[in-house]
Amino acid sequence: MEHTFRVLVTDDEPGMRDGTVRALSRFTARVEELDATVAFVVETASSGEEALEIVEARRPDILLLDYKLPGISGLDVLARLQGRASDMITVMITAYASLETAITATKQGAFDFLTKPFTPQELRATVRKATNQLLLVREAQRLAEEKRRVRFEFISVLAHELKAPLNAVEGYLDLMLAGLRAGDTAGFEHALARSQARIQGMRKLIVDLLDMTRIESGAAVRELAEHDLTELARAAVEGQAPLAAQRGIRVRLEDAGPVTAVVDRGELEIVLSNLVSNAVKYNRDHGEVVVRVLRDRDAVRVEVDDTGVGMTDEETARLFNDFVRIRNRKTAGVEGSGLGLSTVRKIALLYGGQVTVRSVQDVGSTFAFAIPRADEPGGPQ
């Protein structure tokens, strides 16, 4: 990553200004932590008043500020800039270095000192240190702002996902109250059934949200042990059997015998439950779901095939993000939190693995969850 920083040199000695320009004209600073290289454009000012005008018009990234200036002093400049130029680093240049001066300047926002006379190497070292500090501060600010933005978007989406079912339940309750007043209870059973379905959907959202946050935060206590993924897959298939039977969907496990891996049982149950339940929910009536557990030379893999509605390439590209659900006329009646597959992806990453999907519209999809074997590099330890 390449940056260009503006440096303003404020000194009443023309030779000092010219020498600083020459020393920094072809100089670049490397910040390894951020994989960044910084070049410098240098501007000069001969007085504090001129420096204040330049800072106001086109704020530099680094201000090299002489302590003793004609007119207002360097400390006066610092005092006037305090609170107004937070995204700028100031280095004091002085031939009168003292502890008192250092304390006063630091209180007013100076980052470092450069004592006259100094060599080009000393100047560059100081500018390099200021550059490193400024880039790290800006990166921290960027990450903090990104965190605020993501948090705001997350809460907004969550509020939206909860608002719709709450409004539906409230509407059904209003209808029931109106029916009670009118002595008509004919629609109560339907209203109660729909309210119950909406509440179950909200409960699923909360459970998925808790699963995701526990995994992301690292707060969950992981118990890694050898488990048979074939048996875990069989349990997931049996768990979805009642819902599949209601729609005539056949769910079967291609049992090729035990396939063991060192995993956290709860995490793999979340993965298998999400993959199999999605294959049922997004399937066509009288369709089929096939689950396979396979062992490669260096990985174990779970594949789930369905004969469902399928997806476009654009839809599959965003499928594993938080709160993403495929919405079209074919999926209009399918409830979901939009967190299940993003949680599956996060679990795969915990093991150094991946989750992928191949899909064809109106034909079906194949989801594959693969993790390295425990004895391979990157496998769970």
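See above for the structure.
Since the structure is predicted, the reported quantities are computational estimates derived from the model, not experimental observations.

Analysis parameters
Residues numbered from 1 in each chain as written. Predicted model: local features only at pLDDT ≥ 70, side-chain atom pairs only at ≥ 80, totals over all residues. Heavy atoms only, no water. Pairing = 2+ DSSP bridges. Helix = DSSP H or I, 4+ residues; strand = E, 2+ residues; numbered from the N terminus. Axes fitted to C-alpha atoms, helices over the stretch in contact; angles between N-to-C directions. Contact = heavy atoms within 4.5 Å. Buried < 20%, exposed > 50% of the residue type's maximum accessible area, 1.4 Å probe, protein only. Polar contact = N/O pair within 3.5 Å; in protein donor to acceptor, adjacent residues only side chain to side chain. Core = buried A, V, L, I, M, F, W, Y, C linked by side-chain atoms within 4.5 Å. Salt bridge = Lys/Arg side-chain N within 4 Å of Asp/Glu carboxyl O. Arc of directions from axis to C-beta.

1. Topic: the sheet that holds strand β1 (residues 2–10)
The sheet built from 6 strands is open, its strands ordered β2-β3-β1-β4-β5-β6 with mixed pairing. Only two strands of the sheet have a single partner each, and these edge strands are β2 (28–31) and β6 (110–115). Strand-to-strand, the axes of this sheet are offset by a mean angle of 25 degrees, without reference to chain direction. Two elements, strand β5 (residues 89–94) and β6, share 5 bridges in a ladder whose sense is parallel. Among the inter-strand pairings, I93 is bridged to a residue of β6, identified as L114. Lying over the sheet, helix α3 (residues 74–81) contacts β4 (62–66), β5 and β6, oriented at roughly 145 degrees with respect to β4.

2. Looking at the sheet that holds strand β10 (residues 288–295)
Here 5 strands make up an open sheet; going across it, the order is β8-β10-β11-β13-β12 and the pairing mixed. Two strands in the sheet have a free side with no partner beyond their single neighbour: β8 (250–254) and β12 (354–360). Going across the sheet, the axis of each strand differs from the next one's by a mean of 15 degrees, ignoring polarity. Here β12 pairs with strand β13 (residues 364–372) via 7 bridges, running antiparallel. The residue of β13 that forms the bridge with S359 is S365. In this fold helix α7 (residues 229–246) packs onto β8, β10 and β11 (299–306), with an angle of close to 170 degrees to the strand it touches most, β8.

3. Describing the environment of A197
Relative to the helices and strands, A197 is located in helix α6 (residues 188–217). By relative accessible area, A197 is classed as partly exposed at 27%. For the pair formed by A197 and P165, sequence separation is 32 residues and the distance between their alpha carbons is 9.1 Å.

4. Quick look at the side chain of R301
When you line up the elements, R301 lands in strand β11. A polar contact is formed between the side chain of R301 and the side chain of D296, at a distance of 2.4 Å. Among the polar contacts listed, one links the side chain of R301 to the side chain of E303, at a separation of 2.9 Å. Those residues in contact with R301 that sit more than four places away from it in its chain are R292, V293, L294, D296, A368, F369 and A370.

5. Some words on the nonpolar core
One broad trend across soluble globular proteins is that nonpolar side chains are buried collectively. Core analysis: the biggest nonpolar cluster contains 39 residues, and L229, V251, V289, V291, F367 and F369 have the highest contact counts within it. Broken down by secondary-structure element, the contributors of at least two residues to this core are α7, β9 (260–264), α8 (265–281), β10, β11, α10 (340–350), β12 and β13. Sort the elements by how many residues they give to this core and α8 lands first, with 8 residues. When neighbours within four sequence positions are excluded, L229 is seen to be in contact with V259, A261, V263, L268, L272, V293 and V300. Counting 24 residues, the second-largest nonpolar core is a separate cluster that includes V9, F27, A36 and I62.

6. Overview of the pattern of salt bridges
Here the structure, examined in full by the defined rule, presents 25 salt bridges. The residue D61 makes a salt bridge to R138 at a minimum N-O spacing of 2.7 Å. Highlighted residues: D61 in the loop between α2 (48–57) and β4 and R138 in helix α5 (residues 120–182), separated in sequence by 77 residues. Taking the relative accessible area as the measure of exposure, D61 reaches 11% and is therefore buried. Residue class for R138 comes out partly exposed when judged on its relative accessible area of 22%. When salt bridges that share partners are traced, they join R250, R252, E254, E288, R292, D296, R301, E303 and D305 into one network.

7. Here's the deal with α3
Considered for burial, the residues of α3 that qualify are G74, L75, V77, L78 and L81. End-on view of α3: buried residues confined to an arc of 155 degrees, all on one side of the axis. Downstream of α3 by one or two residues, G83 has phi in the positive range, about 85 degrees.

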